[in-house]
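Single-letter residue listing:
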Amino acid sequence: MTDGTPQQAPAATARGKYAPVRMHESEILRRGMDTFAELGYAATTMRELARRLGVSHNFVHERYGSKGDFWQAVVDFALRDAQPALDRLLTECHDDGERLRAVIVHLYRLAANDSAMNRLLTDESTRDSNRLDYLHQRFIKPFWDSIEPTINSLIAAGRIPRVPPHILYFAVTGPALALAQDPIADRLNPDDLPAAEHDRNAMADALSALVLHGLLPAQS
């Protein structure tokens with residue numbers, strides 16, 4: 001992966017030939033993310049990537065090495081700020097309950113506002129693959145490791161039920177992944193505005209409040 005300077009990418013012209021254009025790295029990776037999220041990794045061919053990026057058939061291979069390498073670059077780009085932002089948030093909060101609430105609100109807002117990354121994570125989490133290994137080692141495990149001390153303290157204090165770690169992981173992250181499911185939301189609310197037109201932060205906050213009410217009830 002490179003810095004964010006514009007890259008020389010050959011784009012298709014009206015006559016089917018390729019002329020060099022200046023395309024920012026972030027735009028290449030964002031289009032790649034949208035493609036992987038929509039089609040899934042297996043169905044995303046190099047030809048389809050080239051078409052959606054507006055580049056020559058060999059561009060991804062020459063620029064990144066392989067489809068797998070490009071997928072990793074896309075994921076690194078999309079999640080590059082996630083852990084640093086979480087670490088800052090954890091440092092700012094001093095009470096375990098406040099810390100968990102802040103993390104869940106932050107996580108759900110991220111998920112609501114980046115449906116492509118959300119869909120990719122949801123899809124890859126159902127498949128036993130080296131891509132899931134990559135996501136786990138680079139992003140999921142560091143995320144969980146950073147909040148596990150807070151969760152363990154809340155369990156020890158009797159504020160969260162003692163259940164296996166994966167159940168707690170599902171309780172925290174599962175609803176966030178569901179925020180990418182706009183089509184079913186529209187069917188469940190046929191008389192409402194389309195989910196895509198709602199205030200995404202408001203949707204995330206409503207869901208986080210509901211989850212926290214069950215997971216971490218307010219102390220009397």
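What comes next is a walk through the structure. Please read these numbers as outputs of a predicted model, since none were measured by experiment. (Residues numbered from 1 in each chain as written. Predicted model: local features only at pLDDT ≥ 70, side-chain atom pairs only at ≥ 80, totals over all residues. Heavy atoms only, no water.)

The next point concerns the pattern of salt bridges. Applying the stated criterion across every chain, the model contains 15 salt bridges. Note that Arg51 and Glu48 form a salt bridge whose closest N and O atoms lie 2.7 Å from each other. Of this pair, Arg51 and Glu48 both sit in helix α2 (residues 46-53), three residues apart, which is roughly one turn of the helix. Note on Arg51: relative accessible area 58%, which makes it exposed. (Salt bridge = Lys/Arg side-chain N within 4 Å of Asp/Glu carboxyl O. Helix = DSSP H or I, 4+ residues; strand = E, 2+ residues; numbered from the N terminus. Buried < 20%, exposed > 50% of the residue type's maximum accessible area, 1.4 Å probe, protein only.)

One pass over the full model with this rule turns up seven aromatic pairs. Arranged with centres 5.8 Å apart and planes meeting at 15 degrees, the rings of Phe36 and Tyr41 form a pair that is stacked. With respect to class, Phe36 is no different from Tyr41; both count as buried. Residue placement shows Arg63 over the ring face of Tyr64; its charged tip is 5.2 Å from the ring centre. (Phe/Tyr/Trp six-rings, centres within 6.5 Å; stacked < 30°, edge-to-face > 60°. Lys NZ or Arg CZ within 6 Å of the ring centre and 35° of its normal.)

This part is about the nonpolar core. Within the largest apolar cluster, 28 residues are counted, with the highest numbers of intra-cluster contacts made by Phe36, Tyr64, Phe70, Trp71, Leu120 and Leu135. The biggest single contributor to this core is helix α4 (residues 67-79), with seven residues. Setting aside anything within four residues of it in sequence, one finds Leu135 in contact with Trp71, Val75, Leu120, Leu121, Glu124 and Ile140. (Core = buried A, V, L, I, M, F, W, Y, C linked by side-chain atoms within 4.5 Å. Contact = heavy atoms within 4.5 Å.)

All right, on to the side chain of Thr44 then. Topologically, Thr44 is positioned in the loop between α1 (25-39) and α2. Apart from the residues within four sequence positions on either side, Thr44 is in contact with Thr35, Phe36, Leu39, Leu49 and Lys67.

Quick look at the packing of α1 against α2 now. At a minimum axis distance of 10 Å, the contact between α1 and α2 shows a crossing angle of 130 degrees. Taken together, α1 and α2 sit at an angle that is classed as oblique. In the packing of α1 onto α2, the handedness of the crossing is right-handed. Judged by residue contacts, Ile28, Arg31, Gly32, Thr35, Phe36, Glu38 and Leu39 of α1 engage Glu48, Leu49, Arg52 and Leu53 from α2. Looking at side-chain class alone, the contact of α1 with α2 contains five nonpolar, two polar and four charged residues. (Axes fitted to C-alpha atoms, helices over the stretch in contact; angles between N-to-C directions. Parallel < 35°, antiparallel > 145°, perpendicular 65-115°, else oblique. Left-handed = near helix turned anticlockwise from the far one by under 90°. Nonpolar A, V, L, I, M, F, W, Y, C, P; charged D, E, K, R; others polar.)

The subject of this paragraph is the side chain of Glu48. Residue classification places Glu48 among the buried residues on the basis of a relative accessible area of 18%. One polar contact links Glu48 to Arg52, side chain to side chain, over a distance of 2.6 Å. (Polar contact = N/O pair within 3.5 Å; in protein donor to acceptor, adjacent residues only side chain to side chain.)

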